[in-house]
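Geometric and topological summary
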Amino acid sequence: MNTLCIIGGRVLRPDCRVEPADVVVDRDSGNVADVGENAAADYDADETLDAEGCVVMPGLVNAHTHVAMTLLRGYADDKPLGSWLREDIWPAEAALEADDVRAGTELGIVEMIRSGTTAFADMYFEVPKVVAAVEESGVRARLGHGVVTVAKDDEDAAADVEESLSVAREFDGAADGRVRTAFMPHSLTTVGEDFLREATATAREDGIPLHFHANETTDEVSPIVDDYEKRPLSYADDLGMLTEDDFVAHGVHVDTEEIELLAARGTSVVHCPASNMKLASGIAPVQEMLDAGVNVGIGTDGAASNNDLDVFDELRDAAMLGKLGADDASAVPAEAAVTAATAGSADAIGLPGGRIKTGAPADIAVVDFDAAHLAPAHDVVSHLAYAVRGSDVRHTVCDGQVLMEDGAVLTLDEKRVVEEARERADALAERAG
Ligand SMILES: N[C@@H](CCSC[C@H]1O[C@@H](n2cnc3c(=O)[nH]cnc32)[C@H](O)[C@@H]1O)C(=O)O
Ligand SMILES: [Zn+2]
């Protein structure tokens, strides 16, 4: 066996217990071969990572984002969703070139690897460029082309839908299986009913899951209630859009019946607390969803509404905002937030990962606890939820491959990526006026 041994750390197990253990990885299969105290002593390691003074945890999973929007980080702030998209973001995106998407995606992936994220779900365009960046960088992702049909003529709208279905078919299984795909209508109000019904049926025939924004703002709820006399998720359900393979972003303005519907269908919700706060979209009822048995994951949304891709930041926001929303300090406790950002997110987007155990993929973040802001460490899980920052991550591993060692990203040339992204972002802003 070709082995990578992560030695001398404390390991976060799937039940949130933390125990001193080595993690032994089979680099050929990309899976964890063994976990246990001094487990590495039984193997002849081909490669080792020092985890002394560190916590070894599942790689974080960013379950909803638009990665290439890193190019628009700080481009337009302090506006609500509708005007932010229409006045600033969509005009800038109209000037995006395919290689901008490649550069912005690489920048976002560098940021994610640096902060211990090993998998993400991305809704954007120029998907072949996103696939190439994922392939090169070694992370895992569920990718799709976001569809908008409103304000387009029928031909353009149909072409956008077709592109989303065709890239989902073409790239599923790319990058040695690290890329999976989905059909991604932008939202229930930006894609027309007939398109949703027909394309969903086609996606089902081809076994392609769905991902879309749902119930993000009240402006997305009232038009559907007015036109169809039903709640948005009931509308989506009638169109066949809620199955256990599907996952929706946001789920802020969901009522009790919609929560029960999500639980009954097994559809996951990706909570994006920073975006919801920044755009003043509202507070998602996360504890209520968890109590009802809905699987909840965590996402950063795009860097233009966050403004970073640090999932540690996001899971802390989830725990904080969950308490404020429930008016209950015991809501969304540390364990729930950490679980949502690992196993919950992985399950939501239908990728393996989120748990360190024998046979599971070796998608791992090693967090250095030797920092002033992490002393003392009465409770490791508390720190992971409330005190750790993405910059505390020391090593990142995905599919058994070391992507970052001692703070150095190995699969992408970070300096080149940052420079290129800066240049392309400046040129883009110039073109967009
Ligand atoms: N093919 C579509 C693009 C859809 S991609 C996904 C879109 O989601 C947008 N987006 C980013 N964050 C949010 C959000 O929080 N809510 C809704 N849309 C968002 C993003 O800017 C991007 O335009 C077109 O022709 O316009
Ligand atoms: Zn989004």
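Here the residue index of a chain counts from 1 through its sequence in written order. Think of it this way: whatever chain is written first is A, whatever ligand is written first is 1, and the rest follow in order. In keeping with the predicted nature of the model, local features appear solely for residues at pLDDT of at least 70, side-chain atom pairs appear and are counted solely at 80 or more, and the whole-chain, interface and lining totals rest on all residues.

As recorded in an unreviewed UniProt entry, the protein goes by 5-methylthioadenosine/S-adenosylhomocysteine deaminase and comes from Halogeometricum limi. UniProt positions are given in the numbering used here, feature names are shortened, and annotations may be inferred rather than shown by experiment. In its Sequence similarities (unreviewed entry) section, the UniProt entry covering the protein states "Belongs to the metallo-dependent hydrolases superfamily. MTA/SAH deaminase family."

Some details on the domain arrangement of the protein
The source of the domain bounds is an automatic or database domain assignment. Domain assignment breaks the protein into domain 1 (3-59 + 360-409) and domain 2 (61-349). The distance between the C-alpha centroids of domain 1 and domain 2 comes to 28 Å. Listed by partner, the interface residues are 23 residues for domain 1 and 27 residues for domain 2. When contributions to the side of domain 1 that touches domain 2 are tallied by element, the ones reaching two or more residues are strand 15 (364-368), helix 13 (380-386), strand 16 (393-398) and strand 17 (401-405). Throughout this entry, Asp, Glu, Lys and Arg are counted as charged residues, while Ala, Val, Leu, Ile, Met, Phe, Trp, Tyr, Cys and Pro are counted as nonpolar. The remaining residues, Gly among them, count as polar. Classifying every residue of the side of domain 1 that touches domain 2 by side-chain character gives 15 nonpolar, five polar and three charged. We call two residues in contact whenever the C-beta atoms placed from their backbones are within 7 Å. A run of DSSP states H or I qualifies as a helix once it reaches four residues; a run of E qualifies as a strand once it reaches two. Both are numbered from the N-terminal end.

Points about helix 14 (residues 414-432)
Expected span of a helix: the number of residues minus one, times 1.5 Å. Taking 1.5 Å per residue as the helical rise, helix 14 with its 19 residues ought to reach 27 Å, and the 26 Å between its terminal C-alpha atoms agrees with that figure. To assign burial, the other C-beta atoms lying within 10 Å of each residue's own C-beta are counted, with C-beta atoms placed from the backbone; 20 or more indicates buried, 12 or fewer indicates exposed, and intermediate counts indicate partly exposed. Along helix 14, the residues that are buried comprise V417, A421, R424, A425 and L428. For helix 14, the angular spread of buried residues about the axis comes to 110°, placing them on one side. Exposed residues lying more than 90 degrees from the buried face of helix 14 are K415, R416, E419, E423, D426 and E430. Those residues of helix 14 that are buried lie in contact with helix 1 (81-94) and helix 2 (98-114). The arc in question is formed by the directions pointing from the helix axis toward the C-beta atoms.

Things to note about the site of ligand 1
By convention here, the C-beta atom is placed from the backbone, and a residue is near a molecule or strand when that atom is within 6 Å of it. Neighbouring ligand 1 are 19 residues, the closest being I89, G146, V148, H213 and G302. Ranked by residue count, the leading element in the shell around ligand 1 is helix 1, at four residues. In terms of residue class, the shell around ligand 1 is built from eight nonpolar, seven polar and four charged.

Let's talk about the packing of helix 2 against helix 14
Think of two packed helices as two axes; the pair is described by the angle between the axes and how far apart they sit. At a minimum axis distance of 9 Å, the contact between helix 2 and helix 14 shows a crossing angle of 135°. The orientation of helix 2 with respect to helix 14, classified from their angle, is oblique. Between helix 2 and helix 14 lies a crossing of left-handed hand. Contacts between helix 2 and helix 14 involve D100, A103, G104, E106, L107 and V110 from the first element and E414, V417, V418, E420, A421, R424 and L428 from the second. Where helices are involved, their axes are fitted lines through C-alpha atoms of the stretch in contact, as for all axes, and angles between N-to-C directions lie from 0 to 180°. Working definition: roughly parallel below 35 degrees, roughly antiparallel above 145 degrees, roughly perpendicular at 65 to 115 degrees, and oblique for all remaining angles. Handedness of a crossing is defined here by the sense of rotation of the near helix relative to the far one, left-handed for an anticlockwise turn of less than a right angle and right-handed for a clockwise turn.

Thoughts on the UniProt feature "binding site: Zn(2+)" (unreviewed entry) in the protein
With numbering aligned to this structure, UniProt lists the feature "binding site: Zn(2+)" (unreviewed entry) at H64, H66, H213 and D301. Across 238 residues in sequence, these annotated residues keep their C-alpha atoms within 11.8 Å of one another, forming a single compact spot. By secondary structure assignment, the location of H64 is in strand 6 (residues 60-65). Among all residues touching H64, those that are not within four sequence positions of it are A121, A249, V270, C272, G299 and D301. Position of H213 among the secondary structure elements: in strand 11 (residues 211-214). When the 25 C-beta atoms within 10 Å are taken as the criterion, H213 is described as buried.

Here we look at the environment of T217
Inspection of the secondary structure assignment puts T217 in the loop between strand 11 and helix 6 (218-228). Distance from T217 to K323, taken between C-alpha atoms, is 20 Å for residues 106 residues apart in sequence. The contact partners of T217, leaving out residues within four places of it in the chain, are L81, S281 and G282.

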